[in-house]
Amino acid sequence: MTPQHGATLDLRFSLRERAGSVHVEVWPNDDPEDLGHALVAVGYDVAAFRGFPVIEARISYDGHGPRGWMGWLQVIERHDDDGQVVADVDVAGLMGDESPLYTFGFLPTFCDFPANPDHPDGDWVAHTFLVAVPDVVRTRVLMPVVAFRWGYRLVGGRPVGLFAPAELPLGTWDHHRALLDREYPGWRFLSVAAT
C-alpha cells in the first residue's frame, strides 16, 4: 500500500563495507479494515482506530547473503500532557519476551500501525533503529546502524497530528541503553562509540 497523503524520509547508511538506504513512509490509517487491523486486534472499534499513523521502512542495500542480515528495534516514549514520560521497548509477541527486536532477517521491512485511543492526551513518539549483530547471527549483541523518529499527538482519544519521520541522531541509542540493558539482560547493546 502506498500513502496517498503522507510523509517520506530517505536515510543512507554503511554496514559491513556496503552502502545502503532506508526509505520511510508514514500516512494516516484511513481504512483499518483494509489495512488488516482485525488480524491483530480482535473486536476493535474501526472508527476509534481511524486516523492513526501507518509506517513502512524499506531497505535497499548493496550487499548479499549474510551481509544483509539486520533487524529493527523500536523504543516508544509516551509524553503525557500531565508531564509523565513512559518509555518502553516495542516488540512483536512472536519474537518472544527475551528479544528486544521488532523484526530480524534479510533486509527486513519495518511496518507498524499503532492505535491507542485509550491512552492519555499527549505525544506518542517512536525512536526506530535499524540494527545489526556484528557477527551476523552468532551472538546477542546489537549495534545501531541508522535511526529515525515518528509518531502522533493524541487528544481526547483521537490523533490530531501525525509526526513526519525525521532522522534521529545515532547518539539517541546511548540514551536508551539503560532501558535496554534493564529489560534485556541477556543481550549486549554496543555504545555508538564502540560501533
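Residues numbered from 1 in each chain as written. Predicted model: local features only at pLDDT ≥ 70, side-chain atom pairs only at ≥ 80, totals over all residues. Heavy atoms only, no water.

Peer 1: I would appreciate a short explanation of empty space enclosed by the protein in the present structure.
Peer 2: If you roll a probe as big as a water molecule over the atoms, it shows you where there is empty space left. Tallying each qualifying case throughout the model produces one cavity of 30 Å³ or more. Taken together, Arg78, His119, Pro120, Gly122, Asp123, Trp124, Tyr152 and Leu154 make up the full set of residues lining the largest cavity. Tallying contributions element by element places strand β8 (residues 122-132) first for the lining of the largest cavity, with three residues. For the lining of the largest cavity, the residue count by class is four nonpolar, two polar and two charged. (1 Å grid on protein atoms, 1.4 Å probe; cavity = no way out; pocket = protein on both sides within 12 Å on 5 of 7 lines; lining within 4 Å. Points joined across faces, edges and corners; volume = space filled by probe spheres on them. Helix = DSSP H or I, 4+ residues; strand = E, 2+ residues; numbered from the N terminus. Nonpolar A, V, L, I, M, F, W, Y, C, P; charged D, E, K, R; others polar.)

Peer 1: I'm lost on helix α3 (residues 172-183) in this one. Help?
Peer 2: One turn of an α-helix holds 3.6 residues; hence residues three or four places apart share an orientation. Given a rise of 1.5 Å per residue, twelve residues ought to cover 16 Å, and the 17 Å separating the end C-alpha atoms of α3 matches this to within 8%. When α3 is considered as a whole, its buried residues turn out to be Thr172, Trp173, His176, Leu179 and Leu180. Looking straight down α3, one finds that the buried residues subtend no more than 115° of arc, so they occupy a single side. Facing away from the buried side of α3 by more than 90 degrees, the exposed set consists of His175, Ala178 and Arg182. Against the buried residues of α3 lie β4 (69-80), β5 (85-90), β8, β9 (141-155) and β11 (188-189). (Expected span 1.5 Å × (residues − 1). Buried < 20%, exposed > 50% of the residue type's maximum accessible area, 1.4 Å probe, protein only. Arc of directions from axis to C-beta. Contact = heavy atoms within 4.5 Å.)

Peer 1: Could you clarify how one ought to interpret the pattern of salt bridges in this entry?
Peer 2: Two side chains that carry opposite charge are able to pair once their charged atoms sit near each other. Tallying each qualifying case throughout the model produces seven salt bridges. Measuring nitrogen to oxygen at the nearest pair gives 2.9 Å for the salt bridge that ties Asp80 to Arg78. The exposure classification of Asp80 matches that of Arg78, with both residues buried. Each of Asp81, Asp123 and Arg153 takes part in one network of salt bridges that share partners. (Salt bridge = Lys/Arg side-chain N within 4 Å of Asp/Glu carboxyl O.)

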